[in-house]
Amino acid sequence: MAFIPPRDLVVVFPFLALLLPLYIYLRYSRSAKANPSLPTEWPLVGMLPSLVANIHNLFDYATALLAASGNSFEARGPPMSGLRFFVTCDPDNVRHIFINNFANYPKGEEFASFFDVMGDSFFNADGESWRRQRARVQHVMSNPRLLASMAACCRGKVEKGLLPILDRMASAGAPFDLQRLLTRFAFDVTAMAVFGVDTCRLSIDMPPLDVANAMDAVMEVGFFRHTVPVSCWKLMRSLRIGPERKLTAAQRLLRRFVAEMIEKRRVAGGACKATDDEQGGVPPPADIVSSYINDPEYVDEDGNPREFMYATFINYMVAGRDTVGTALSWLFFNLTEHPRVVARIREELEPIASSKAGGGGMVVFDPEETKPLVYLQAALFESMRLYPPGPIERKATLADDVLPSGHTVRAGDNILIPVYSMGRMASVWGKDSGEYRPERWVTEDGKLRHVPAHRFMPFNAGPRLCLGKDISVLQMKSVAAAVAWNFDLEVVAGHAVEPKVSIVMQIKNGLMVKVKKR
């Protein structure tokens, strides 16, 4: 190699500085020509600039990339960063990953580290631990007394909480955040099912939502951890800076809440604070915590919760609250945008409502009464197709595999399944995939159309299919029926409604509405 005298470096360095942009330009040009549907993979930083530039609109950005690239592509960050994902919303790939070759695609240790507040609970667990916990959850969620209690508590909260507050808001005529109200409703209903205690967050005086905000923080920081190298967020955690500082405070608050609820459960003997009359005349409800509170795996010799207990019940609260509160918020947004759908729902409710008429009061629908209503469920599922509460699923890869699409994944690869994108693919749902049209769920003979879970993913698919699906659908239908029958909703003019970029896809700026009593 020729020696360059120091004096000549003055000439060489500017020359190299000119070559670097030329190299980047040529690399960019070749990448763009090779696959114009994908973001440019830059030297040193990979596709990270495109990710950063579109982070505010990430779900729609990913949807456009997937539509242009045949439903699958590989996203790569800087070399050695670990940010490399195979992204797919191909239903055949999803069926292979979630059902046919389930054992090869666990959630993985890295995923569990992102949500460490939930420890080795069923949200994070894989393998034998997950199978054992799921069997227990399945046993708990199949208890007829618990299911009856959950339905009755939901009805009580609608009748004594949600409808009176909406009536008051209608009289005031002032705009309010419906998503915030539904979050309170979902939080109370979930806590009543999990702990047998009414937290009374849904009330006229609107008490603080600190615990619900802490749950949001867990999901937001969990999403942040997905977007940066593991070493980066772990350093931030050790220094207690940035989002990690917020997460630490949220974790403390959630642990304290679980401890308080367990103590209240012990004092109350498992009874819900609401009266039998408020619960629809049923006995004091069963609760989920009763199945764990005497188990030495979850409590110590003195009856104090172990770490596993805290993790498990934070998991239960997040799973119950997020699905119901988020899905209902998007459903009511869609109903405000489509009055004809509201009219169809009211037609379906008319026979039930007419049998309840009398006294001029508001009509409340029991969850069992709404169970056979096809169009109402179609409206709910259509909303969840476009706005799934959990917009992204993530899997790890244990062994090399070839997917049905022909793509090869290697051991250690991370796979992202954008559920939001899958619901909007024309190749999956037809040319009108971006439209809110509940009729797509109704067969010609008026029955609910079956769509396999690997195409409609809001409740997951395969062995991890949500065990609370049926009861949560019943709850959401009864809430939607009561609100749609008794009130007219209107989004405040000029209010922007867009998805929040997080693990749970809430409405970013809330759902500001005005309500009128019918």
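Please read these numbers as outputs of a predicted model, since none were measured by experiment.

S.K.: Explain the environment of isoleucine 392 to me, please; I cannot follow it from the model alone.
M.R.: Position of isoleucine 392 relative to the elements: it lies in strand E4 (residues 392-396). Between the alpha carbons of isoleucine 392 and serine 421 there is a distance of 8.9 Å; along the sequence they are 29 residues apart. Excluding residues within four positions of it along the chain, isoleucine 392 makes contact with Phe59, Phe223, Leu416, Ile417, Pro418 and Val419.

S.K.: Can you help me understand the pairing of strand E9 (residues 512-517) in this one?
M.R.: When a strand is regular, its side chains alternate between the sheet's two faces. Looking at chain direction, strand E3 (residues 176-177) and E9 are connected through two bridges and run antiparallel. Each residue of the ladder has a partner; that of aspartate 177, found in E9, is methionine 512. Two elements, strand E8 (residues 487-491) and E9, share five bridges in a ladder whose sense is antiparallel. From the neighbouring strand, aspartate 488 faces E9, where its bridge partner is lysine 516.

S.K.: Teacher, can you tell me more about the UniProt feature "binding site: heme" (unreviewed entry) in the chain here?
M.R.: Annotation from UniProt places "binding site: heme" (unreviewed entry) at Cys466. Within the fold, cysteine 466 resides in the loop between helix H17 (426-429) and helix H18 (469-486). A relative accessible area of 34% places cysteine 466 in the partly exposed class. Filtering out sequence-adjacent residues up to four positions away, cysteine 466 remains in contact with Phe459 and Asn460.

S.K.: What is the right way to read the environment of glutamate 297 from this model?
M.R.: Note that glutamate 297 resides in the loop between helix H11 (243-268) and helix H12 (307-337). Among the residues examined, glutamate 297 registers a relative accessible area of 32% and is labelled partly exposed. A sequence separation of 10 residues divides glutamate 297 from glutamate 307, and the C-alpha atoms of the two residues are 9.7 Å apart. With residues up to four places along the chain from it excluded, the contact list for glutamate 297 reads Arg132, Arg306 and Phe308. Polar contacts involving the side chain of glutamate 297 include one to the side chain of arginine 132, which spans 2.9 Å.

S.K.: Any chance you could explain the packing of helix H13 (residues 339-356) against H18 here in plain terms?
M.R.: Two numbers describe a pair of packed helices, the interaxial angle and the distance between the axes. At a closest axis distance of 10 Å, the pairing of H13 and H18 adopts a crossing angle of 95°. Overall, the two elements H13 and H18 adopt an arrangement that is roughly perpendicular. Across the interface between the two elements, Ile345, Arg346, Leu349, Glu350 and Ala353 of H13 pack against Ala481, Ala484 and Trp485 of H18. Of the residues assigned to the contact of H13 with H18, the class counts are six nonpolar, no polar and two charged.

S.K.: Quick question: what am I supposed to make of the pattern of salt bridges here?
M.R.: Note that side chains of opposite charge can pair when their charged atoms are close. As enumerated under the stated definition, the model contains 28 salt bridges in all. Residue arginine 394 is joined to glutamate 110 by a salt bridge in which the shortest nitrogen-to-oxygen separation is 2.4 Å. Of the two residues, arginine 394 sits in strand E4 while glutamate 110 sits in helix H5 (residues 109-114), which places them 284 residues apart along the sequence. A residue is classified by how much of its surface remains accessible, and glutamate 110, at 31% relative accessible area, is partly exposed. One salt bridge in this structure joins arginine 340 and glutamate 439, with 2.9 Å as the shortest N-O distance. Note that arginine 340 is positioned in helix H13 and glutamate 439 in the loop between H17 and H18, a separation of 99 residues in sequence. What makes arginine 340 partly exposed here is its relative accessible area of 41%. Put simply, Glu382, Arg385, Asp432, Arg437 and Arg440 are held in one network by salt bridges that share partners.

S.K.: I keep staring at the confidence of the model for the chain and nothing clicks. Help me out?
M.R.: For the chain, per-residue confidence averages 87 on the pLDDT scale, and residues scoring 70 or more make up 86% of the total. Across residues 270-285 the pLDDT falls below 50, and counting only partners more than four positions away or on other chains, this stretch makes 32 contacts in the model.

S.K.: It is not clear to me how the nonpolar core should be interpreted in this structure. Could you clarify?
M.R.: Most often, soluble globular proteins have nonpolar side chains that are buried together. Membership of the largest hydrophobic core comes to 147 residues, with the highest contact counts inside it found for Phe195 and Phe313. Sequence-distant contacts of phenylalanine 313, defined by excluding residues within four places in its chain, comprise Val194, Phe195, Val258, Ile288, Val289 and Tyr292.

S.K.: I would appreciate a short explanation of the sheet that holds E9 in the present structure.
M.R.: Paired through their backbone hydrogen bonds, the strands of a sheet run either parallel or antiparallel. Pairing in this open sheet of three strands is antiparallel, and the strands run E3-E9-E8 from one edge to the other. Whereas interior strands pair on both sides, the edge strands pair on one side only; in this sheet they are E3 and E8. Along the sheet face, H18 touches E8 and E9 and points at about 90° away from the line of E8.

S.K.: Is there a simple way to think about empty space enclosed by the protein in this case?
M.R.: Over the atoms, a rolled probe matching the size of one water molecule traces out where space is still vacant. For the structure shown, the criterion picks out four cavities of 30 Å³ or more. Every residue lining the second largest cavity is listed: Gln179, Thr183, Ala186, Arg321, Asp322, Gly325, Thr326 and Gln506. Of all elements in the fold, only helix H8 (178-195) and H12 reach the threshold of two or more residues within the lining of the second largest cavity. When residues in the lining of the second largest cavity are grouped by element, the largest group, four residues, is from H12. Here the lining of the second largest cavity is composed, by residue class, of one nonpolar, five polar and two charged.

S.K.: Is there a simple way to explain the packing of H13 against helix H15 (residues 374-386) in this structure?
M.R.: Relative to each other, H13 and H15 sit at 145°, their axes nearing to 8 Å. Counted together, Arg340, Val341, Arg344, Ile345 and Glu348 of H13 and Val374, Tyr375, Leu376 and Ala379 of H15 form the full contact between these two elements. Of the residues assigned to the contact of H13 with H15, the class counts are six nonpolar, no polar and three charged.

S.K.: Help me understand the packing of aromatic side chains, please; the structure alone is not making it clear to me.
M.R.: Any aromatic ring pair is given by two values, namely how distant the centres are and how the planes are angled relative to each other. One pass over the full model with this rule turns up 24 aromatic pairs. Taking the centre distance of 5.5 Å and the plane angle of 50° together, the rings of phenylalanine 187 and phenylalanine 257 count as tilted. Of the two residues, phenylalanine 187 is situated in helix H8 and phenylalanine 257 in helix H11; the sequence distance between them amounts to 70 residues. Judged by relative accessible area, phenylalanine 257 falls into the buried class, the value being 5%. Their ring planes at 0° and their centres at 3.9 Å tell us that tryptophan 330 and tyrosine 387 sit as a pair that is stacked. Here tryptophan 330, found in helix H12, pairs with tyrosine 387, found in the loop between H15 and E4; they are 57 residues apart in sequence, far enough to count as distant. With respect to burial, tryptophan 330 and tyrosine 387 carry one shared label: buried. Every member of this aromatic cluster is reached through a ring pair, and the members are Phe122, Phe187, Phe195, Phe257, Tyr292, Tyr298, Phe308, Phe313 and Tyr316.

S.K.: Could you clarify how one ought to interpret a nonpolar patch on the surface in this entry?
M.R.: Taken together, the side chains of Leu235, Leu239 and Ile241 define a hydrophobic patch exposed on the protein surface, amounting to about 280 Å² of accessible area. The exposure class of isoleucine 241 is partly exposed, given its relative accessible area of 40%.

S.K.: Quick question: what am I supposed to make of helix H6 (residues 127-141) here?
M.R.: Two residues of an α-helix separated by three or four positions point the same way, owing to the 3.6 residues in each turn. Taking 1.5 Å per residue as the helical rise, H6 with its 15 residues ought to reach 21 Å, and the 21 Å between its terminal C-alpha atoms agrees with that figure. Within H6, the full set of buried residues consists of Ser129, Trp130, Gln133, Arg134, Val137, Val140 and Met141. The arc enclosing the buried residues of H6, seen along the axis, measures out at 120°, which places them on a common side. Seen from the buried face of H6, the exposed residues on the opposite side, beyond 90 degrees, are Glu128 and His139. Among the structural elements, helix H7 (144-172), H12 and H18 are those in contact with the buried residues of H6.

The rules behind the values
Residues numbered from 1 in each chain as written. Predicted model: local features only at pLDDT ≥ 70, side-chain atom pairs only at ≥ 80, totals over all residues. Heavy atoms only, no water. Helix = DSSP H or I, 4+ residues; strand = E, 2+ residues; numbered from the N terminus. Contact = heavy atoms within 4.5 Å. Pairing = 2+ DSSP bridges. UniProt positions renumbered as here; feature names shortened; annotations may be inferred. Buried < 20%, exposed > 50% of the residue type's maximum accessible area, 1.4 Å probe, protein only. Polar contact = N/O pair within 3.5 Å; in protein donor to acceptor, adjacent residues only side chain to side chain. Axes fitted to C-alpha atoms, helices over the stretch in contact; angles between N-to-C directions. Parallel < 35°, antiparallel > 145°, perpendicular 65-115°, else oblique. Nonpolar A, V, L, I, M, F, W, Y, C, P; charged D, E, K, R; others polar. Salt bridge = Lys/Arg side-chain N within 4 Å of Asp/Glu carboxyl O. pLDDT = per-residue confidence, 0-100. Core = buried A, V, L, I, M, F, W, Y, C linked by side-chain atoms within 4.5 Å. 1 Å grid on protein atoms, 1.4 Å probe; cavity = no way out; pocket = protein on both sides within 12 Å on 5 of 7 lines; lining within 4 Å. Points joined across faces, edges and corners; volume = space filled by probe spheres on them. Phe/Tyr/Trp six-rings, centres within 6.5 Å; stacked < 30°, edge-to-face > 60°. Patch = residues over 30% accessible without salt bridge, like charges linked within 9 Å, V, L, I, M, F, W, Y side chains within 5 Å. Areas by Shrake-Rupley, 256 points an atom, 1.4 Å probe, with all protein chains shown as cover. Expected span 1.5 Å × (residues − 1). Arc of directions from axis to C-beta.

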